[in-house]
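Structural features, examined
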Amino acid sequence: MRLILDGLGHRFGEGAWLFTRLAVELQCGESCAVTGPSGSGKSTLLSILAGWQAPTTGQVRREDVTGVSWVAQNPFGVPGRTTLDHVVLPLLARGLTRKDAEPRARDTLGRFRLLPVADLPFGHLSGGEAQRLMLARAVLTTATLLLVDEPTAQLDPHSAATVIETLSQLADTGRIVVIATHDPRVAATCARSITLGVPA
Ligand SMILES: Nc1ncnc2c1ncn2[C@@H]1O[C@H](COP(=O)(O)OP(=O)(O)OP(=O)(O)O)[C@@H](O)[C@H]1O
Ligand SMILES: [Mg+2]
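Let me begin by describing the structure that accompanies this report.

The next thing to look at is the site of ligand 1. In the region of ligand 1, the neighbouring residues are F12, L18, P37, S38, G39, S40, G41, K42, S43, T44, E150 and H182. S40 places a main-chain nitrogen or oxygen 3.2 Å from an oxygen atom of ligand 1. At 2.5 Å, a side-chain N or O of T44 approaches an oxygen atom of ligand 1. The fraction of the free accessible surface of ligand 1 (640 Å²) that becomes covered by protein chains is 54%. Of the residues that constitute the shell around ligand 1, the class distribution is 3 nonpolar, 7 polar and 2 charged.

Encoded structure:
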């Protein structure tokens, strides 16, 4: 699997270019940080990589990418359903029975340090726990490209630290992981980086 950014450039209408001539090739198991100041085009680049928006110039080539999972900046879930329910659901959607899904879901919750809150309703989770749950849920889908937008932006420093701890595990699942962030600690968890907002 490869994700190839081939001479990507983007501007909205006749506005200023957000970025030009981005050329990066990512392989499975690689993580890449997209950094740059607010408004530099990080989220726009992620949506181009997802295929939701066409770039103004260049192209994105997704070789053997079987699906895209987007982890949004604001965690969202069903307030009354438990943490466990939120990770069991993607497995049921993949055709597993509840009996087979639960042990796998619990195993994944353990990797994201969420077992202590497995039976709590989503509405009771802290910001860091909720964000870690979004990451755990993303790795249980079959998507091989994970796009993570500002995973720590809404969090206090302690919650952010617990999320950062788990981010480095994402690429270990053999996926390609691209994380937009202005947090240097998040960027440090990634092997590669793309910096926007600096003159070419
Ligand atoms: N559909 C659109 N039409 C016109 N301009 C847009 C559109 N979407 C985004 N922009 C502008 O493009 C620029 C880049 O936006 P983007 O959301 O990609 O920045 P960002 O780097 O993710 O910022 P932040 O760190 O604040 O999340 C911003 O100036 C934004 O206002
Ligand atoms: Mg953004």
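Here helix α4 (residues 127-139) contains 13 residues, and its C-alpha end-to-end distance of 19 Å stays within 8% of the 18 Å for a straight helix at 1.5 Å per residue. With 10 of its 13 residues buried, α4 lies for the most part within the structure. Buried within α4 we find G128, A130, Q131, R132, L133, M134, L135, A136, A138 and V139. Looking at the packing, one finds that the buried side of α4 touches β5 (68-71), α2 (83-93), α3 (98-111), β6 (145-149) and α5 (157-167).

What counts as what
- Residues numbered from 1 in each chain as written.
- Chains lettered and ligands numbered in written order.
- Predicted model: local features only at pLDDT ≥ 70, side-chain atom pairs only at ≥ 80, totals over all residues.
- Heavy atoms only, no water.
- Near = heavy atom within 4 Å.
- Polar contact = N/O pair within 3.5 Å; in protein donor to acceptor, adjacent residues only side chain to side chain.
- Areas by Shrake-Rupley, 256 points an atom, 1.4 Å probe, with all protein chains shown as cover.
- Nonpolar A, V, L, I, M, F, W, Y, C, P; charged D, E, K, R; others polar.
- Helix = DSSP H or I, 4+ residues; strand = E, 2+ residues; numbered from the N terminus.
- Expected span 1.5 Å × (residues − 1).
- Buried < 20%, exposed > 50% of the residue type's maximum accessible area, 1.4 Å probe, protein only.
- Contact = heavy atoms within 4.5 Å.

The analysis is restricted to geometry; functional conclusions fall outside its scope.
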